[in-house]
Every structure is written in C-alpha cells, then in structure tokens.
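Geometric and topological summary
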Amino acid sequence: DILQNKEISNIASWLPNGRAFAIHNRTRFASEVLPVYFREAKYSSYARRMKRWGFTLKNPSKESCDDASRSKSVYHHPLFLRDTKALCLQMRPKPQKKYLRKKNHVTKGIPA
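Residues numbered from 1 in each chain as written. Predicted model: local features only at pLDDT ≥ 70, side-chain atom pairs only at ≥ 80, totals over all residues. Heavy atoms only, no water.

1. Things to note about the pattern of salt bridges
- Scanning all chains against the criterion turns up one salt bridge.
- When the shortest N-O distance is used, the salt bridge between Glu32 and Arg28 registers 2.9 Å. Linking Glu32 with Arg28, this pair stays in helix H1 (residues 26–37), spanning four residues, or about one helical turn.
- Judged by relative accessible area, which is 38%, Glu32 ranks as partly exposed.
- The exposure class of Arg28 is partly exposed, given its relative accessible area of 29%. (Salt bridge = Lys/Arg side-chain N within 4 Å of Asp/Glu carboxyl O. Helix = DSSP H or I, 4+ residues; strand = E, 2+ residues; numbered from the N terminus. Buried < 20%, exposed > 50% of the residue type's maximum accessible area, 1.4 Å probe, protein only.)

Structural data, given as structure tokens:
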C-alpha cells in the first residue's frame, strides 16, 4: 500500500480517520512517487485522473496555512478507505469526454 509506506509518509499518507489521504508536498510527490507508482509524469495529470475516478480534492484554507502547507492536497472518495481494499473494486471512472463525443458523433449518423 503506497499510503502506508513509511518511506514516503512525509510526502503522502492517510489522514488519521482513514477516510482520505493527503499529499503533503506536490512537488516531491511528482518527482519521487509518480515515476515509481504511476504512469503520470506531472502532478496535473495525476490530479485529472483522480477527478475522473470520482475523488474530491480539498485544499487547506489559505488563511489558516503557512506557505509550506499550501502545497498540501487532501483527496477523498467514499469507496477509498484505509484497510478496506475490497471497496475499491466498486470504483468506476467517469467516461472520458473525448470518448463520449466520438460515440455521440457515430450514433447520430446511424438512422433509428
């Protein structure tokens, strides 16, 4: 489990309640974690993929943070919980917009 890996716990880890995880430093996550565990090379691509899979992104309030913690991102998904890997099997990505456009274009040309 990536989020329980003590070697990267200062970069990304579960929140204490186990219902969300935090990326503590986006720059280090992109340079040290993404190349090892994911195909994405950029944090923006990773964030887009997380959104497609239904994760919500919660950032700390700017008023309550110092400069270092502003780079922190917290992701939540109701089926992505610590120690409940079986729930992940129920997760589904949202259809890609490119695919939907292509599909609609093809079906419009077919007579009903």
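2. Observations regarding the pairing of strand S4 (residues 73–76)
- Bridge count for strand S2 (residues 20–23) against S4 is four bridges, and the pairing is antiparallel. From the neighbouring strand, Ile23 faces S4, where its bridge partner is Ser73.
- The pairing of strand S3 (residues 56–58) with S4 spans three bridges and is classified as antiparallel. The partner of Thr56 across the bridge, within S4, is His76. (Pairing = 2+ DSSP bridges.)

3. Some points on the confidence of the model for the protein
- For the protein, per-residue confidence averages 81 on the pLDDT scale, and 75% of positions sit at 70 or higher.
- In the predicted structure, residues 61–69 sits below a pLDDT of 50 and forms five contacts with residues beyond four places in sequence or in another chain. (pLDDT = per-residue confidence, 0-100. Contact = heavy atoms within 4.5 Å.)

4. Structural notes on the side chain of Ser73
- Within the secondary structure layout, Ser73 lies in strand S4.
- Within the local environment of Ser73, its side chain forms a polar contact with the side chain of Arg26, the two groups lying 2.8 Å apart.
- A polar contact is formed between the side chain of Ser73 and the side chain of Tyr43, at a distance of 3.3 Å. (Polar contact = N/O pair within 3.5 Å; in protein donor to acceptor, adjacent residues only side chain to side chain.)

5. Topic: the packing of aromatic side chains
- Applying the stated criterion across every chain yields a total of 10 aromatic pairs.
- On the numbers, 5.2 Å between centres and 65° between planes, the contact of Phe38 with Tyr46 is edge-to-face.
- Look at Tyr46 and you get buried, because its relative accessible area is 4%. (Phe/Tyr/Trp six-rings, centres within 6.5 Å; stacked < 30°, edge-to-face > 60°.)

6. Overview of H1
- Taken together, the buried positions of H1 are occupied by Phe29, Ala30, Val33 and Leu34. End-on view of H1: buried residues confined to an arc of 130°, all on one side of the axis. In H1, those exposed residues whose orientation departs by more than 90 degrees from the buried face are Thr27, Pro35 and Val36.
- Residues of H1 that are buried in the fold lie against strand S1 (12–14), S2 and helix H2 (43–52).
- The opening residue of H1 is Asn25, an N-cap whose side-chain oxygen sits 3.1 Å from the backbone nitrogen of Thr27. (Arc of directions from axis to C-beta.)

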